[in-house]
Amino acid sequence: GGLRGATVIDALDTLYIMELEEEFQEAKQWVEKSFDLNVNGEASLFEVNIRYIGGLLATYYLTGEEVFKSKALELGEKLLPAFNTPTGIPRGVINLGRQGTSSQHGMSWSWGWASAGSSILAEFGTLHLEFLHLSQLSGNPVFAEKATQPCLSSLSQVMNIRRVLSRVEKPQGLYPNFLSPVTGSWVQHHVSIGGLGDSFYEYLIKSWLMSDKKDSEAKKMYDDALEAIEKHLVKKSAGGLTYIAEWRGGILDHKMGHLACFSGGMIALGAEHAAEERRQRHMELAAEITSTCHESYTRSDTKLGPEAFRFDAGSEAMATRLSERYYILRPEVVESYMYLWRLTHDPKYRHWGWEVVQALEKHCRVEAGFSGIRDVYTTTPSHDNMQQSFFLAETLKYLYLLFCEDDVLSLEDWVFNTEAHPLPINHTDFKA
């Protein structure tokens with residue numbers, strides 16, 4: 001069960017930006033004729049939001065074609081039941097079934113593996129950008145409130161989430177990854193800038209940018225969170241590599257996930273708009289983290305980076321566990337190269353990006369597309385036979401933009417959602 005066509009929807013704006021017109025028309029026809037939203041089956045609120053709603057919204061803003069807008073709004077409506085919790089913090093999984101036909105329609109529940117029925121910071125904290133646009137386009141504030149009071153509109157939904165988060169006590173100023181949608185308090189004290197936490201921080205700075213710098217609450221939450229991260233999680237290895245550790249109830253785990261490598265780009269983007277002393281410090285930090293992530297690629301035989309790498313017992317920026325040696329076409333490292341190129345124009349970022357292009361061609365290209373590999377430390381890697389939809393949405397888009405002129409999706413006019421779907425900043429007239 002569940003929604004189909006993630007790859008088609010995720011790739012729409014990439015096809016459009018790359019001017020692959022035939023493929024774009026084919027994808028658009030699929031959306032018009034075959035994209036069925038009335039499916040029984042469970043879906044992740046977070047993934048549907050960032051991949052499907054993000055992809056449809058971006059393509060609508062790039063092309064002005066109504067079909068993308070109406071599908072985005074229709075899908076957005078289907079996500080609202082997830083917010084019917086005592087706190088308005090949504091649960092992670094929702095059944096999209098058609099009203100009336102499924103006894104389970106609109107039921108939501110938390111991931112079985114998430115700690116004690118809790119909701120995940122990166123999931124409920126990564127709705128704001130899309131829900132603001134849904135609110136604007138539908139004229140219905142329910143979407144924005146979701147990301148901010150229970151049972152109203154998408155605007156009210158996301159504003160409520162923010163309220164809960166500003167109220168709750170933050171250990172050392174940090175945001176743990178698991179929050180109870182029932183009590184509104186943290187379920188355990190695990191903090192990560194990688195998976196489970198990552199895009200919450202990204203959406204704070206991007207909410208501020210997307211509001212044309214009017215959403216000062218988001219900016220303050222970002223600044224305070226980054227200060228706590230700098231103070232407690234940023235470390236330097238014996239070999240001089242800067243990394244962001246994970247925090248488990250006050251004990252540091254000296255590992256960094258590939259997912260955390262987006263943070264170089266995020267910190268650079270935030271630094272652009274900071275006061276001078278802070279700007280310089282944050283640009284340096286962004287460059288150092290990005291360089292560490294580059295090392296995780298350089299130190300592998302394939303020149304692609306592992307899922308996670310560690311800084312302990314003499315090995316640095318390398319995966320030490322078999323279960324962390326895979327690469328599934330993830331975008332976060334090239335995402336940071338793209339931001340650092342645009343914000344510094346240091347040519348090394350293009351060189352590093354080109355290394356990735358060559359490694360992808362050499363090790364990941366297969367007959368029908370591109371595949372992840374199971375071990376980056378062997379030059380005869382075995383393929384996992386999966387082309388993740390984010391490869392087309394993000395990895396290839398960021399690589400393409402790295403080699404484009406800066407005015408192609410200028411950072412002055414667009415903010416990328418966490419799936420690299422561009423959403424217009426609130427001052428544009430929506431022209432690409």
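Keep in mind that what you see is a predicted model, and the values were worked out from it rather than measured.

**Focus on the state of the cysteines**
Then, number 1: Within the structure shown, the criterion is met by one disulfide.
Then, number 2: There is no disulfide at Cys364, and the cysteine sulfur nearest it, in Cys261, is 16 Å away.

**A look at the layout of surface pockets**
Then, number 1: If you add up the space inside the largest pocket, you get close to 720 Å³.
Then, number 2: Lining the largest pocket are 36 residues, with Phe46, Glu47, Ile50, Arg51 and Glu419 positioned closest to its centre.
Then, number 3: At the level of secondary structure, the elements contributing two or more residues to the lining of the largest pocket comprise strand E1 (42-44), helix H3 (45-63), helix H5 (121-124), helix H9 (198-210), helix H13 (332-344) and helix H15 (389-402).
Then, number 4: Here the residues of the lining of the largest pocket sort into 17 nonpolar, eight polar and eleven charged.

**Things to note about the pattern of salt bridges**
Then, number 1: If you walk through the whole model with that rule in mind, you get 25 salt bridges.
Then, number 2: The partner of Glu419 in a salt bridge is Arg51, with the nearest N and O atoms 3.8 Å apart.
Then, number 3: By relative accessible area, which is 2% here, Glu419 ends up buried.
Then, number 4: Owing to a relative accessible area of 16%, Arg51 belongs among the buried residues under this scheme.
Then, number 5: With its nearest N and O atoms 2.7 Å apart, the salt bridge here joins Glu202 to Lys206. Residue Glu202 and its partner Lys206 are both found in helix H9; the two are separated by four residues, about one turn of the helix. The pair Glu202 / Lys206 is uniform in exposure class, with both members buried.
Then, number 6: Three or more residues joined by partner-sharing salt bridges are found here, namely Glu246, Arg248, Asp253, Arg310 and Glu324.

**Points about the packing of helix H12 (residues 276-298) against H13**
The description of two packed helices rests on the angle between their axes and on the distance between the axes.
Then, number 1: Interhelical geometry of H12 versus H13 gives an angle of 140° and a closest axis separation of 10 Å. One finds that H12 runs oblique with respect to H13. Seen along the crossing, H12 lies across H13 with a hand that is left-handed. For the pair H12 and H13, contact is made by Met283, Ala286, Ala287, Thr290, Cys293, His294 and Tyr297 and by Val333, Ser336, Tyr337, Leu340, Leu343 and Thr344, respectively.
Then, number 2: Its residues assigned to classes, the contact of H12 with H13 comprises nine nonpolar, four polar and no charged.

Cut-offs and rules
Residues numbered from 1 in each chain as written. Predicted model: local features only at pLDDT ≥ 70, side-chain atom pairs only at ≥ 80, totals over all residues. Heavy atoms only, no water. Disulfide = S-S within 2.5 Å. 1 Å grid on protein atoms, 1.4 Å probe; cavity = no way out; pocket = protein on both sides within 12 Å on 5 of 7 lines; lining within 4 Å. Points joined across faces, edges and corners; volume = space filled by probe spheres on them. Helix = DSSP H or I, 4+ residues; strand = E, 2+ residues; numbered from the N terminus. Nonpolar A, V, L, I, M, F, W, Y, C, P; charged D, E, K, R; others polar. Salt bridge = Lys/Arg side-chain N within 4 Å of Asp/Glu carboxyl O. Buried < 20%, exposed > 50% of the residue type's maximum accessible area, 1.4 Å probe, protein only. Axes fitted to C-alpha atoms, helices over the stretch in contact; angles between N-to-C directions. Parallel < 35°, antiparallel > 145°, perpendicular 65-115°, else oblique. Left-handed = near helix turned anticlockwise from the far one by under 90°. Contact = heavy atoms within 4.5 Å.

None of this, on its own, says anything about what the molecule does.
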